[in-house]
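Residues per chain are reported as follows:
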Amino acid sequence: MRTLAQAITGLEMPAVEKISEAQAEDPFQILIATLLSARTQDATTHAASTRLFKAARTPRTMARLTVKEIERLIYPVSFYRNKARFVKDCCEMLVAEFGGRVPSTMEELVTLPGVGRKTANLVLILGFKSLRNICVDTHVHRISNRMGWVETDLPEETEQALYENTARRWWPYINLYLVTWGQNVCRPVYPRCGDCVIAADCPRIGVSRERTASGASKTLSRGSLR
Ligand code: SF4
């Protein structure tokens, strides 16, 4: 993790981290940006979130937008119709049940429409400075398995396994480090193992092909999979 901390310096940060930093860790904007980010490219998430927050910055003002208006503002994020409905319902619930504020517990957060553990953990880490949560998305799930830190099929299982298998001081950073690494080096298909600073510690479990420095793909022999 220390090696990764140095290696990600200067690399493009994930969209939600950028929004969090720019908006003084506002839990509401982190919540909405994370809802928009599912299965969507970071640049698209960032642009859509910026347009939406220009139109409304609080649960009360956003709840007054129509679903159609939200759709127009967040397009082209993937599943923008479903996400617009979640955003609207979520804002209405924040106003009706939480006094217009984002709640600060996992139990309350997952009662919000469209909010699962991944989103809730990120809100707790970035918006409430929690040191007790790990946010597992597809990058964290994939890299933790490739590294052999966990042996799991689902992100929910990975989250629980990581609580058992990793040092507590790294929990709030696991998402930032592994998502940044996953977007730049340990990609889903053809990871760039030749450029990877943690290759010496990685058994590359499940990796059968990698991207070489020249950009070509190479099949790994069984011996190289250690
Ligand atoms: S060595 Fe390859 S599989 Fe392992 S973390 Fe680096 S890029 Fe990912």
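Residues numbered from 1 in each chain as written. Predicted model: local features only at pLDDT ≥ 70, side-chain atom pairs only at ≥ 80, totals over all residues. Heavy atoms only, no water.

J.: Sorry, what's going on with the confidence of the model for the protein chain here?
T.: Per-residue confidence for the protein chain gives a mean pLDDT of 93; residues scoring 70 or more make up 96%. Predicted confidence is poor over residues 222–226, with pLDDT under 50, and the contacts of this stretch with residues over four places away or in other chains come to 10 contacts. (pLDDT = per-residue confidence, 0-100. Contact = heavy atoms within 4.5 Å.)

J.: Sorry, what's going on with helix H7 (residues 80–98) here?
T.: Two residues of an α-helix separated by three or four positions point the same way, owing to the 3.6 residues in each turn. Look at H7: 25 Å from first C-alpha to last across 19 residues, which is about the 27 Å you get at 1.5 Å a residue. Tucked inside the fold, the buried residues of H7 contact helix H3 (27–37), helix H4 (42–55), helix H5 (59–63), helix H6 (67–74) and helix H8 (106–109). Of the residues flanking the end of H7, it is Gly99, one or two places downstream, whose phi is positive at about 65°. (Helix = DSSP H or I, 4+ residues; strand = E, 2+ residues; numbered from the N terminus. Expected span 1.5 Å × (residues − 1).)

J.: Please clarify how the nonpolar core should be interpreted in this entry.
T.: Generally speaking, a soluble globular protein has its nonpolar side chains buried in company with each other. Counting residues in each nonpolar core, the largest one holds 40 residues, and the members touching the most others are Leu31, Ile32, Leu52, Met62, Ile74, Val87 and Leu112. Only helix H2 (15–22), H3, H4, H5, H6, H7, H8 and helix H9 (117–128) provide two or more residues apiece to this core. Apart from the residues lying within four places of it in its own chain, the contact partners of Leu31 are Cys90, Leu94, Val102, Leu112, Val115, Thr119 and Val123. The next biggest cluster of nonpolar side chains, apart from the first, holds 25 residues, and it includes Ile134, Leu162, Val179 and Cys186. (Core = buried A, V, L, I, M, F, W, Y, C linked by side-chain atoms within 4.5 Å. Buried < 20%, exposed > 50% of the residue type's maximum accessible area, 1.4 Å probe, protein only.)

J.: Is there a simple way to explain the packing of aromatic side chains in this structure?
T.: The geometry of two aromatic rings is summed up by the distance between their centres and the angle between their planes. Considering all chains together, one arrives at five aromatic pairs under this definition. Seen in terms of ring centroids, Trp170 and Tyr173 are 6.4 Å apart; in terms of plane orientation they differ by 70°. Their pairing is edge-to-face. Assessed through its relative accessible area of 37%, Tyr173 is described here as partly exposed. An aromatic cluster of at least three residues, connected via ring pairs, comprises Trp170, Tyr173 and Tyr177. (Phe/Tyr/Trp six-rings, centres within 6.5 Å; stacked < 30°, edge-to-face > 60°.)

J.: What am I meant to see in a negative patch on the surface here?
T.: A cluster of acidic residues, Glu151, Asp153, Glu156 and Glu157, forms a negative patch at the surface. Residue placement: Glu157 occurs in helix H11 (residues 155–165). With a relative accessible area of 35%, Glu157 lands in the partly exposed category. (Patch = residues over 30% accessible without salt bridge, like charges linked within 9 Å, V, L, I, M, F, W, Y side chains within 5 Å. Areas by Shrake-Rupley, 256 points an atom, 1.4 Å probe, with all protein chains shown as cover. Salt bridge = Lys/Arg side-chain N within 4 Å of Asp/Glu carboxyl O. Lys, Arg positive; Asp, Glu negative; His and termini not counted. Charge placed at Lys NZ, Arg CZ, Asp CG, Glu CD.)

J.: Is there a simple way to think about the layout of surface pockets in this case?
T.: Any space left empty among the atoms is revealed by the rolling of a water-sized probe across them. Looking at the largest pocket, its volume works out to about 880 Å³. As for the largest pocket, its lining consists of 35 residues, and the residues nearest its centre are Ser37, Lys118, Asp137, Thr138 and His139. Elements with a minimum of two residues in the lining of the largest pocket: H2, H3, H4, H9, helix H10 (138–147), H11 and helix H12 (171–184). Here the lining of the largest pocket takes five residues from H9, the largest share from any one element. Tallied by class, the residues present in the lining of the largest pocket amount to 12 nonpolar, 13 polar and 10 charged. Of the voids in this model, the second largest pocket is the one considered here, and its volume is about 220 Å³. Lining the second largest pocket we find 13 residues, and of these Glu17, Ile125, Leu126, Lys129 and Tyr173 sit closest to its centre. Contributing elements (two or more residues each) for the lining of the second largest pocket: H2, H9 and H12. For the lining of the second largest pocket, a count of residues per class yields seven nonpolar, two polar and four charged. (1 Å grid on protein atoms, 1.4 Å probe; cavity = no way out; pocket = protein on both sides within 12 Å on 5 of 7 lines; lining within 4 Å. Points joined across faces, edges and corners; volume = space filled by probe spheres on them. Nonpolar A, V, L, I, M, F, W, Y, C, P; charged D, E, K, R; others polar.)

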